[in-house]
Amino acid sequence: SKAALGIIDGAEERLKDILKAEQLERAQQRGLSGDDAGDEPYYIILSIKEGMGVDELRQEVMRMLGEVRVVLDAMAAVDERIARPV
């Protein structure tokens, strides 16, 4: 039930509103209109008790770590002081 998972009524809808507002703000900072802001905000629903969403979280963390590695490798190509030992 919602109470067992600790979800307050209306919290998920509020989260979607906050994420959408942040997405629109980022789009405006890049000079895009609200229509060009993109898809629905992305978030992962987790239930550790039920094991739901854990694999999706693991995949998303690995994807983000891969992006960080690409950035670090690019930085290392520019500045040898931060190069990763091979």
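Quick note: structure is the one above.
Residues numbered from 1 in each chain as written. Predicted model: local features only at pLDDT ≥ 70, side-chain atom pairs only at ≥ 80, totals over all residues. Heavy atoms only, no water.

Enquirer: So what exactly am I meant to see when it comes to the pattern of salt bridges here?
Expert: Opposite charge on two side chains permits pairing when their charged atoms draw close. In the structure shown here, the tally under the stated rule is 4 salt bridges. A salt bridge links Arg69 to Asp73; the shortest N-O distance between them is 4.0 Å. Remark: Asp73 and Arg69 occur in helix α3 (residues 54-78); sequence separation between them is 4 residues, near one turn of the helix. Exposure remark for Arg69: the relative accessible area of 47% places this residue in the partly exposed category. Salt bridges here are not isolated pairs; linked through shared partners, they connect Glu60, Arg63 and Glu67. (Salt bridge = Lys/Arg side-chain N within 4 Å of Asp/Glu carboxyl O. Helix = DSSP H or I, 4+ residues; strand = E, 2+ residues; numbered from the N terminus. Buried < 20%, exposed > 50% of the residue type's maximum accessible area, 1.4 Å probe, protein only.)

Enquirer: Explanation requested: the side chain of Glu60 in the structure shown.
Expert: Residue position: Glu60 is located in helix α3. At a separation of 2.5 Å, a polar atom in the side chain of Glu60 contacts the side chain of Arg63. Leave out the neighbours within four places in its chain, and Glu60 touches Tyr42 and Ile44. (Polar contact = N/O pair within 3.5 Å; in protein donor to acceptor, adjacent residues only side chain to side chain. Contact = heavy atoms within 4.5 Å.)

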